[in-house]
Amino acid sequence: MNPLVIAQITDCHLQNDPQQGYRGLDVEQHLDLVVGDLLQQSETVDMILWTGDLVHHGAVRGYQRLSERISKLSIPSFWIPGNHDDAELMQRIGDQAEGRLNQRVVQANDWAIILLDSTSEPDGQGGGSLAQSELDFLQQQLRALSDLSCLIVLHHNPVPVESDWQDQIMLGNAEAFWQLLAAHENVRGVINGHVHQPKDSDINGVRVMMTPATSVQFKVGCSQFALEDHSALQAPAYRLLKLFSDGQITTSVKRVAG
């Protein structure tokens with residue numbers, strides 16, 4: 001069986017007005033570059049996961065444009081909110097898009113992809129948590145899907161990135177999240193957005209993968225907020241994952257010049 005090929009696109013920070021930039025960048029153009037590169041991959045991409053902070057300040061026209069853009073792709077897409085999104089607005093617009101964008105569990109090729117909303121209990125600084133209802137949903141799905149390898153998708157990072165300012169706004173109830181995962185041996189990986197930088201680590205046998213943004217990139221290992229200043233690391237980016245039937249994952253970050 002061929003591996004399941006997934007693209008992760010995250011932290012687009014689209015504006016209500018497409019002519020308005022974000023931190024001095026044309027984020028619409030950046031997203032076009034990423035999608036264009038993805039469509040040129042030699043292997044067929046089976047699905048795209050859009051992992052939050054898709055529209056800055058949750059503006060309706062931004063979601064409408066993004067939904068229209070996604071509808072023109074021949075690749076199934078699923079989205080989750082980030083701390084800059086309007087989760088209720090995303091739900092309404094996603095429902096109008098034939099219900100596909102809001103799908104919470106996707107099963108394919110001996111895998112289950114479980115999408116979560118980590119925007120509960122916002123701290124006003126960018127942090128968020130998994131509501132108890134989300135933890136209960138995750139528990140229920142992991143039990144029901146015990147015969148499948150599972151990839152969990154959320155916006156907030158469940159482990160630190162060793163930048164003081166970012167570690168203060170990671171997943172607020174990460175301890176509860178990891179306690180839940182510890183009881184289920186079928187969890188193979190976790191992917192998240194939020195951090196605008198790459199990281200790939202193993203936490204108790206679970207691979208945790210973080211992905212650069214299509215918008216701006218954050219400089220790693222900083223005590224205070226700082227944008228990436230290395231030209232080679234400033235490019236818009238996305239992640240490709242291959243999920244194999246034996247539970248193995250291979251992955252790479254794709255940076256797009258232009």
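What counts as what
Residues numbered from 1 in each chain as written. Predicted model: local features only at pLDDT ≥ 70, side-chain atom pairs only at ≥ 80, totals over all residues. Heavy atoms only, no water. Pairing = 2+ DSSP bridges. Helix = DSSP H or I, 4+ residues; strand = E, 2+ residues; numbered from the N terminus. Axes fitted to C-alpha atoms, helices over the stretch in contact; angles between N-to-C directions. Contact = heavy atoms within 4.5 Å. Buried < 20%, exposed > 50% of the residue type's maximum accessible area, 1.4 Å probe, protein only. Arc of directions from axis to C-beta. Polar contact = N/O pair within 3.5 Å; in protein donor to acceptor, adjacent residues only side chain to side chain. 1 Å grid on protein atoms, 1.4 Å probe; cavity = no way out; pocket = protein on both sides within 12 Å on 5 of 7 lines; lining within 4 Å. Points joined across faces, edges and corners; volume = space filled by probe spheres on them. Nonpolar A, V, L, I, M, F, W, Y, C, P; charged D, E, K, R; others polar.

This brings us to the sheet that holds strand β3 (residues 77–80). In spatial order, the strands read β3-β2-β1-β10-β11; together these 5 strands make up an open sheet with mixed pairing. Two strands bound the open sheet, and with one partner strand each, they are β3 and β11 (249–255). With direction set aside, neighbouring strand axes in the sheet form an average angle of 20 degrees. In the sheet, strand β2 (residues 47–51) pairs with β3 via 4 bridges, with the strands oriented parallel. Note on β3: the bridge partner recorded for isoleucine 48 is serine 77. Lying on the sheet, helix α1 (residues 27–39) is in contact with β1 (4–9), β2, β10 (237–243) and β11; it crosses β1 at an angle near 170 degrees. Lying over the sheet, helix α2 (residues 60–71) contacts β2 and β3, oriented at roughly 155 degrees with respect to β3.

Attention now moves to helix α3 (residues 87–96). Listing the buried residues of α3 in full gives Leu89, Met90, Ile93 and Gly94. For α3, the buried positions fall inside an angular range of 130 degrees around the axis, keeping them on one side. Of the surrounding elements, those touching the buried residues of α3 are α2 and β3. Near the N-terminus of α3, the side chain that reaches the backbone nitrogen of glutamate 88, with its oxygen 3.2 Å away, is that of aspartate 86.

Empty space within the largest pocket amounts to approximately 330 Å³. Asn83, His84, Gln125, Gly126 and Ile169 are the residues nearest the centre of the largest pocket, which is lined by 20 residues in total. The residue inventory of the lining of the largest pocket, partitioned by class, reads 6 nonpolar, 11 polar and 3 charged. Of the voids in this model, the second largest pocket is the one considered here, and its volume is about 230 Å³. Lining the second largest pocket are 14 residues, with Pro81, Gln91, Asn102, Arg104 and Asp117 positioned closest to its centre. Elements that contribute at least two residues to the lining of the second largest pocket include exactly β3 and α3. With 3 residues, the top contributor of residues to the lining of the second largest pocket is α3. Within the lining of the second largest pocket, the residues separate by chemical class into 8 nonpolar, 3 polar and 3 charged.

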